[in-house]
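# Architecture and fold: a report
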Amino acid sequence: MAGRRARAGIGAGAGALLVLLVLRAFGAAAHPQCLDFRPPFRPPQPLRFCSQYSAFGCCTPEQDAALAGRFGALAARVDAGLWAVCAGYALDLLCQECSPYAAHLYDAEDPSTPLRTVPGLCEDYCLDLWQPCRGLFRHLSSDRELWALEGNRAKFCRYLSLDDTDYCFPHLLVNENLNSNLGRVVADAKGCLQLCLQEVANGLRNPVAMVHAQDGTHRFFVAEQVGLVWAYLPDRSRVERPFLNVSRAVLTSPWEGDERGFLGLAFHPRFRHNGRLYVYYSVGVDFREWIRISEFRVAEDDVNTVDHGSERIILEIEEPASNHNGGQLLFGDDGYLYIFTGDGGMAGDPFGKFGNAQNKSALLGKALRINVDGSERGRPYRIPADNPFVGDPDARPEVYALGVRNMWRCSFDRGDPVSGTGRGRLFCGDVGQNKFEEVDLVERGRNYGWRAREGFECYDLKLCANASLDDVLPIFAYPHKLGKSVTGGYVYRGCENPNLNGLYIFGDFMSGRLMSLRENPGTGQWQYTELCMGRGQACQFPGLINNYYPHIISFAEDEAGELYFMSTGVPSATAAHGVIYKVIDPSRRAPPGKCQIQPTQVKVKSRLIRFVPKEKFIRKAESTPRRPTAHAPTKAPRRRRPTAPPPVPTTRPARPTPRPARPTRRPGGRRVSGRRRGRPSTEKPAPSNGAVRLVRPVGLSPGRGRVEVFAGGRWGTVCDDRWDFKAATVVCRQLGFKHAVRATKRAEFGEGRALPILLDDVRCAGDEKTLLECTHAGLGTHNCSHEEDAGVVCSQEDPDL
């Protein structure tokens, strides 16, 4: 940096920069964040102006060019003598918008606070800069309060300082703690990789699967264990009418741990053209139970609904017990349908001499592969010619692999986005018996060992010693002290989180652990790393959360390859506590614009139910690791049936108390470029009587929230008795919005329990300046509770256009 100033004809500032060489490392936790409140990225091409941030930062080439243009405009306005001394300082200050810590430098970590117009400066640097270059700031900033301090060096530099001195410029450039692992997935002291989540859907009853149709619409379809499938649009709104409803045919129960139900869903690779999809569910009559694989077709007049009369049964397999029902359906690149069945249930696969899993003539305990594009010899499907046991009189030709106990969630690797490495690998999590859970790479004709082996160890000693077993060991197995029911996941191949590429992410239903494996390409060995939720500031980005319900039921990827998982607090097929989470790496994102999708539009004939997030970011101490709270062990849906009497149903696990939502900013109160205001005064004037503000849950856009009014020297809430559109109009106009969209009731945006209720029975004509001018029951007089807190939805756009 000093060399750049010398090239610009500068001598000042060099002394301050030498100090940087002897600075000690600071103790703050790194939290890189850009001015758009998102993680930094690697620009798609080197930056020409702010070149020091070409490897990692917050500027695209277009933003870099805009900064260069501003630098040129400054040069034209500033006195030539001043510019000769201060051009390097100007370049440094402008380029801090590209810093990976730009949000900290501009006081923008909290979206509810105003941006600075100048980055926060370290005191020694500012004192050095002030003498020759204080006149520069009239051209860099429109903040008149800063201009007024120009003649007082101490006050001027105090105004430009940061409360968090770890992030001041230029000391942060040599802060080892902030820069040692910049851009990498952050690990805590125990090596646990810290990730964040984004809530995608909620209120689901044991969501067992989320799949996409690969038809360009970027819809996703979520299956509930009870037999309902819901269609969601890319904006996360849900079609009110179920996409598929076979709940009357599905066999399941409200009992926690019932493994029967609707278990799997897959769309035909040519669904866009043929409208075919396949489902896997449990059925039963009297004491007989079996699993059914059926084909359906989408309705001709509504692409968001299945023609329920089109069901064609493809395969049925009798189940000797009610557990170990398998449930995965997948289409491979070969166009064939892969079906994963359990071993038939009970414990230890007690069926026959060697159990179902080792019996090639049984369809249970297998990975099956069939061709659904046609029929053969009375079957509603054909057998692929290269299936491994075609022609073997002692084997079913559908069998693709054997020795499976109860594979719960399998996936095909999409392959590296650039090289294609890994494409087509088939990963499965196989639930263990008493000691181990395992992850397998499933290949044609291979034997995965059950019941001879569990994980890497022998289960049936006699069978394990059989030389003809020729079984394949898992790529990873873990003992039951870490978890007791593996949920297989996906190799991440999406666009938005480049650091996660190639990481196989999976979990455990019982312990709630999120885990990962990464292959060493040189040795072929898989390295295990646990995943945890980011602590401290790691997940303090708008819309992100750092906690989840502990029973991890399934994983999913969307049409673009982004990764999700589904979990619940109450693992019952009738308990609507299931949530879908999107996995986010807070340390690095893809460059803006790289991951844009252009969904094919679909006509929606049913009403849409908009998505309203309910989960909250939980503020947690940096030094206190936290796992998701797991409630007393029950059995996973679709997994194992206990040999002992079933456990008494447990209650929903306690969740940590979410922190209160933050007040929103005034509309128009921020510019991402950071040109609006200087650092705000530490002494804020009291609001005027009748002032209003909106408080909204994290992740919601400005213009919507719970209404809070300032009256009698304090803030308080408004009850929704008589609350209507005209009252909403007064609030929205007062906040600077052009239009009121909706008046909300029943604490839609949360309850303001920490505040008093100040207004009730508010009745407005619509032209009042504040709510206090409307008729009301009297300040502090009310007959309501915070469950009736009123809110509004405002907009700058006319909602009728």
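Because the structure is a prediction, the values reported are computed rather than measured.

## Describing the pattern of salt bridges
Scanning the entire structure with this criterion turns up 36 salt bridges. Notably, a salt bridge pairs Asp-413 with Arg-493, separated by 2.9 Å at the nearest N-O pair. Of this pair, Asp-413 sits in the loop between strand S15 (407-412) and strand S16 (426-430) while Arg-493 is found in the loop between strand S21 (486-491) and strand S22 (504-508), placing the two residues 80 residues apart along the sequence. Exposure remark for Asp-413: the relative accessible area of 3% places this residue in the buried category. A cluster of three or more residues bridged by salt bridges with shared partners is formed by Arg-270, Arg-276, Glu-295, Arg-312 and Asp-373.

## Comments concerning the sheet that holds strand S9 (residues 288-299)
Taken together, four strands build an open sheet; the order of strands is S7-S8-S9-S10 and the sheet is antiparallel. Since the sheet does not close on itself, it has two edges, and those belong to strand S7 (262-267) and strand S10 (302-319), each with one partner. Direction aside, the axes of adjacent strands within the sheet are offset by 25° on average. Judged from the 10 bridges that link them, S9 and S10 form a sheet pairing that is antiparallel. Across the sheet, the residue bridging to Ile-291 is Ile-317, located in S10.

## A look at the sheet that holds strand S12 (residues 337-340)
With antiparallel pairing, four strands are arranged side by side in an open sheet as S11-S12-S13-S14. What marks the edges here is a single partner per strand, and that holds for strand S11 (328-331) and strand S14 (399-401). In this sheet, neighbouring strand axes are inclined to one another by 30° on average, regardless of whether the strands run parallel or antiparallel. Sheet analysis places strand S13 (residues 367-370) next to S14, joined by two bridges and oriented antiparallel. Looking at S14, one finds that Leu-368 is bridged to Val-399.

## Concerning the packing of aromatic side chains
We describe a pair of aromatic rings using the distance from one ring centre to the other and the angle between the two ring planes. Using the criterion set out here, one finds 27 aromatic pairs in the structure. With centroids separated by 5.4 Å and ring planes inclined at 55°, the aromatic side chains of Tyr-101 and Tyr-167 adopt a geometry described as tilted. Here the residue Tyr-101 occupies a position in the loop between helix H4 (80-95) and helix H5 (102-105), and Tyr-167 occupies one in the loop between helix H9 (153-159) and helix H10 (176-179), the gap between them amounting to 66 residues. With relative accessibility at 1%, the residue Tyr-101 sits in the buried group. An aromatic cluster is defined as three or more aromatic residues linked by ring pairs; in this entry it consists of Phe-427, Phe-476, Tyr-478, Tyr-504, Phe-506, Trp-526 and Tyr-528. The ring of Trp-130 carries Arg-134 above its face, with NZ or CZ at 4.1 Å from the centroid. The ring of Trp-450 has Arg-405 lying over it, and the distance from NZ or CZ to the ring centre is 5.4 Å.

## Digging into the state of the cysteines
Under the defined criterion, the tally for this structure stands at 13 disulfides. Each sulfur of the disulfide joining Cys-764 and Cys-774 lies 2.1 Å from the other. Residues Cys-764 and Cys-774 are joined by a disulfide whose S-S torsion is about 105°; by sign, that bridge is right-handed. Residue Cys-764 is located in the loop between strand S33 (757-759) and strand S34 (791-795), and its partner Cys-774 is located in the loop between S33 and S34; the two are separated by 10 residues in the primary sequence. Both residues of the pair, Cys-764 and Cys-774, count as buried.

## Brief notes about the side chain of Asn-547
Tracing the backbone through its elements, the reader meets Asn-547 in the loop between strand S24 (526-533) and strand S25 (551-557). Engagement of the side chain of Asn-547 in a polar contact is seen with the side chain of Asn-546, the distance being 3.2 Å. A polar atom in the side chain of Asn-547 sits 2.8 Å from the backbone oxygen of Lys-616.

## A closer look at the environment of Leu-127
Counting through the fold element by element, Leu-127 comes out in helix H6 (residues 123-133). A relative accessible area of 24% places Leu-127 in the partly exposed class. With 27 residues separating them in the primary sequence, Leu-127 and Ala-154 have C-alpha atoms 7.8 Å apart. When sequence neighbours within four positions are dropped, the list of residues in contact with Leu-127 reads Arg-153 and Cys-157.

## Points about the pairing of strand S27 (residues 578-584)
Of all seven residues in S27, seven are buried, a share of seventy percent or more. Covered by surrounding structure in S27 are Gly-578, Ile-580, Lys-582 and Ile-584 together with Val-579, Tyr-581 and Val-583, the residues of both alternating faces. As paired strands, strand S1 (residues 193-204) and S27 are joined by six bridges and run antiparallel to one another. If you follow Ala-201 over to S27, its bridge partner there is Ile-580. Of the pairings in the sheet, the one linking strand S26 (residues 563-568) to S27 comprises four bridges and is antiparallel in character. Its bridge partner being in S27, Ser-567 is matched across the sheet by Val-579.

## Re the packing of helix H3 (residues 61-77) against H4
Two numbers describe a pair of packed helices, the interaxial angle and the distance between the axes. Contact geometry for H3 and H4: axes closest at 11 Å, N-to-C directions at 155°. With respect to their mutual orientation, H3 and H4 come out roughly antiparallel. The hand of the H3/H4 crossing is right-handed. Here H3 contributes Leu-67, Arg-70, Phe-71, Leu-74 and Ala-75 to the contact with H4, which in turn contributes Trp-83, Ala-87, Ala-90, Leu-91 and Leu-94.

## Considering the packing of H4 against H6
Closest axis-to-axis distance for the H4/H6 pair is 10 Å, and the angle between their directions is 145°. Viewed along their axes, H4 and H6 form a crossing whose handedness is left-handed. The residues of H6 that touch H4, namely those facing Leu-82, Val-85, Cys-86, Tyr-89, Asp-92 and Leu-93, are Tyr-125, Asp-128, Leu-129, Pro-132 and Cys-133. Tallied by class, residues from the contact of H4 with H6 come to nine nonpolar, no polar and two charged.

## With respect to the environment of Glu-797
Mapped onto the secondary structure, Glu-797 falls in the segment after S34. Expressed as a C-alpha distance, the spacing of Glu-797 and Phe-737, which sit 60 residues apart in the sequence, is 8.7 Å.

## Some remarks on H3
Structurally, the α-helix is built with 3.6 residues per turn, so residues lying three or four positions apart point the same way. With 17 residues, H3 extends 25 Å between its outermost C-alpha atoms, agreeing within 8% with the 24 Å of an ideal straight helix rising 1.5 Å per residue. For H3, the complete set of buried residues consists of Pro-61, Asp-64, Leu-67, Phe-71 and Leu-74. The buried side chains of H3 occupy one side of the element, clustering within an arc of 130° when seen end-on. When the buried face of H3 is taken as reference, the exposed residues oriented beyond 90 degrees from it are Glu-62 and Ala-76. In this structure, the buried side of H3 is in contact with H4 and helix H7 (137-140).

## Description of unusual backbone geometry
The omega torsion across Phe-169 and Pro-170 is 5°, close enough to zero to call that bond cis. Structurally, Pro-170 can be placed in the loop between H9 and H10. Between Trp-450 and the following residue, Arg-451, the backbone shows a cis peptide bond with an omega angle of 10°. Along the chain, Arg-451 falls in the loop between strand S17 (436-442) and strand S18 (453-454). Phi angles above zero are rare outside glycine, and Gln-214 is one such case at about 55°. Summarising the element assignment, Gln-214 is placed in the loop between strand S2 (207-211) and strand S3 (220-224).

## A look at the side chain of Asn-497
Among the secondary structure elements, Asn-497 is positioned in the loop between S21 and S22. From its side chain, Asn-497 meets the backbone oxygen of Val-583 in a polar contact 3.5 Å long. Look past the residues within four positions of Asn-497 in its chain and what remains in contact with it is Tyr-492, Glu-562, Val-583, Ile-584, Asp-585 and Arg-588.

## Examining the confidence of the model for the chain
With 87% of its residues at a pLDDT of 70 or more, the chain has an overall mean of 87. For residues 1-28, every residue scores under 50 in pLDDT, and the model assigns this stretch 53 contacts once sequence neighbours within four places are set aside. For the stretch residues 623-684, pLDDT sits under 50, and the model shows 187 contacts to residues farther than four places along the chain or on other chains.

How each quantity is defined
- Residues numbered from 1 in each chain as written.
- Predicted model: local features only at pLDDT ≥ 70, side-chain atom pairs only at ≥ 80, totals over all residues.
- Heavy atoms only, no water.
- Salt bridge = Lys/Arg side-chain N within 4 Å of Asp/Glu carboxyl O.
- Helix = DSSP H or I, 4+ residues; strand = E, 2+ residues; numbered from the N terminus.
- Buried < 20%, exposed > 50% of the residue type's maximum accessible area, 1.4 Å probe, protein only.
- Pairing = 2+ DSSP bridges.
- Axes fitted to C-alpha atoms, helices over the stretch in contact; angles between N-to-C directions.
- Phe/Tyr/Trp six-rings, centres within 6.5 Å; stacked < 30°, edge-to-face > 60°.
- Lys NZ or Arg CZ within 6 Å of the ring centre and 35° of its normal.
- Disulfide = S-S within 2.5 Å.
- Polar contact = N/O pair within 3.5 Å; in protein donor to acceptor, adjacent residues only side chain to side chain.
- Contact = heavy atoms within 4.5 Å.
- Parallel < 35°, antiparallel > 145°, perpendicular 65-115°, else oblique.
- Left-handed = near helix turned anticlockwise from the far one by under 90°.
- Nonpolar A, V, L, I, M, F, W, Y, C, P; charged D, E, K, R; others polar.
- Expected span 1.5 Å × (residues − 1).
- Arc of directions from axis to C-beta.
- pLDDT = per-residue confidence, 0-100.

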